[in-house]
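# Structural characterization, general
Given next are the chains, with one letter for each unit.
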Amino acid sequence: MAKGDAVPEEHHVTRWIKPRFLGKNDDGTVDVDEFGCPQTIFPSAFELRDDEDALSITWLEHFGATLADQLPLAAEAVRSATASGDLKPKSAFAVGNVGQIRTAAQDHGFKVRIIEDPEDNNTGHCEVRRYPRDADEFYQAMALDVFRRRYLYGDIVKPGWGPALAH
Amino acid sequence: MLLGSAVLAPDIAYSDEPLQAHAPFSDDSTAAFSIANDNVFTIELELQRRFAGAQRELANVAMYLAPDFRARITKQLRVLLSAENWEEGDEHLNLASARSFARAMAVLRPNQRPLLGLSNAGNLLAMWKEEGAQAVFEHLPGDIVKWSISSGTGASEDRASGRAPIERVAGILRGHSLESLLNG
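Moving on to the interface of chain B and chain A. Listed per partner, the contact involves 36 residues of chain B and 36 residues of chain A. Taken together, the two surfaces of chain B and chain A that pack against each other cover about 3,000 Å², and 45% of this comes from carbon and sulfur. A per-residue breakdown of the area chain B buries against chain A is headed by Glu 87, Asn 120 and Arg 159 of chain B, which together make up 23% of the total. Put simply, chain B and chain A have nine salt bridges between them. Taken together, the connections running from chain B to chain A amount to 16 residue pairs in polar contact (both at pLDDT 80 or more). Mapped by element, the contributors of at least two residues to the side of chain B that touches chain A are α4 (67-80), β1 (115-118), β2 (124-130), β3 (133-140), β4 (144-151) and β5 (158-165) of chain B. Considering each element in turn, the side of chain B that touches chain A owes the most residues, five residues, to α4 of chain B. The residue inventory of the side of chain B that touches chain A, partitioned by class, reads 13 nonpolar, 10 polar and 13 charged.

Structure below.
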């Protein structure tokens, strides 16, 4: 893995989704489908903060061959790269395909680059460069079409975790 | 302003007066968080204060909201503004946004409760959804809604986004045949 290299189109990435961007029921539980996966992500989860100039994601194939291997390791890498070293169980990881990110961006008039950007604590860290600001319909496409598979962090860290077959 | 005079009672009509006049704490989210970040107790205290501020904004429009709707919104706000759902670096709720949200609910009077979230900037997010359709609002200070809608698939797919004053939002939803999202 080399900083600045493009991530292959057929590969997958994950984005950590904070609890504030997940739909919740009145009792505080996350709104999940029959497989326990979050059903609703606010498109704002795919907006840049003012202090960011690229969208932060993590390359899954860097960590193994199957999602059951990749996602717990990627989540641990993201956790260890945070300043607090802690992620809330009600946060989630959304999974998307690199080629679909690029296509969704093109469909909305943007030409993004998805490149490797390894960090000390997260060697699978990548960035979506030339990522647009104020592009609400693109963010909506990212939430609805690209990052459709979502898993609660509290589930991913359980021993023996694996995605439901339907996912 | 049209919204204040035509829809809301005079006592909650739009005003440019600073939010601080209604709230016994600063609405400067950034400053608050730089203090709050120092320890968990301060973060929880600030979350409680923001929750109380949001409750106050809802109370200001209570006469326009069904009690059950208000109760469910309050429950969701309590969840949203809890330490359990708080991550380091999160921006606190912008109370000017909470005011816009409360006033939007008074104008739109939905009978379906939305899912609530918080934007990176601390603005309240509200989402209504049903099978194959959703509407998402970010409530910006000053009674402005940043909206995005999605419905249908294939040839009948309809996606759009924009910004509009509160009083125009119902018309936008009607234009996309999505008024049922809010009213069942």
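We are not done yet, so read on.
Before going further, it helps to spend a moment on the sheet that holds β4 of chain B. Each strand in a sheet pairs with its neighbour through backbone hydrogen bonds, running either in the same direction (parallel) or in the opposite one (antiparallel). Residues and elements named next belong to chain B. If you trace the five strands from one edge of the open sheet to the other, you get β1-β2-β3-β4-β5, paired in antiparallel fashion. Since the sheet does not close on itself, it has two edges, and those belong to β1 and β5, each with one partner. Neighbour to neighbour, the strand axes of the sheet diverge by 15 degrees on average, direction disregarded. Across the sheet, α4 lies against β1 and β2, angled at about 35 degrees from β1, the strand it touches most.

Turning next to the pairing of β5 of chain B. Relative to β5 of chain B, β4 of chain B runs antiparallel, the two sharing eight bridges. Its bridge partner being in β5 of chain B, Ile 144 of chain B is matched across the sheet by Pro 165 of chain B.

Okay, empty space enclosed by the protein next. Scanning the model with the defined rule gives two cavities of 30 Å³ or more in all. Lining of the largest cavity is provided by Pro 43, Ser 44, Glu 47, Asp 136 and Tyr 139 of chain A together with Leu 125, Val 136, Phe 137, Glu 138, Lys 146, Trp 147 and Ser 148 of chain B. Those elements that place two or more of their residues in the lining of the largest cavity are α3 (136-146) of chain A together with β3 and β4 of chain B. Taken together, the residues that form the lining of the largest cavity break down as six nonpolar, two polar and four charged. Considered as a void within the structure, the second largest cavity measures approximately 40 Å³ in volume. Lining the second largest cavity are Lys 24 and Asn 25 of chain A together with Gln 76, Val 79, Leu 80 and Leu 116 of chain B. Broken down by element, the residue count for the lining of the second largest cavity peaks at three residues, all from α4 of chain B. Of the residues assigned to the lining of the second largest cavity, the class counts are three nonpolar, two polar and one charged.

About the cut-offs
- Residues numbered from 1 in each chain as written.
- Chains lettered and ligands numbered in written order.
- Predicted model: local features only at pLDDT ≥ 70, side-chain atom pairs only at ≥ 80, totals over all residues.
- Heavy atoms only, no water.
- Contact = heavy atoms within 4.5 Å.
- Buried area = accessible area lost by both parts, 1.4 Å probe.
- Salt bridge = Lys/Arg side-chain N within 4 Å of Asp/Glu carboxyl O.
- Polar contact = N/O pair within 3.5 Å; in protein donor to acceptor, adjacent residues only side chain to side chain.
- Helix = DSSP H or I, 4+ residues; strand = E, 2+ residues; numbered from the N terminus.
- Nonpolar A, V, L, I, M, F, W, Y, C, P; charged D, E, K, R; others polar.
- Pairing = 2+ DSSP bridges.
- Axes fitted to C-alpha atoms, helices over the stretch in contact; angles between N-to-C directions.
- 1 Å grid on protein atoms, 1.4 Å probe; cavity = no way out; pocket = protein on both sides within 12 Å on 5 of 7 lines; lining within 4 Å.
- Points joined across faces, edges and corners; volume = space filled by probe spheres on them.

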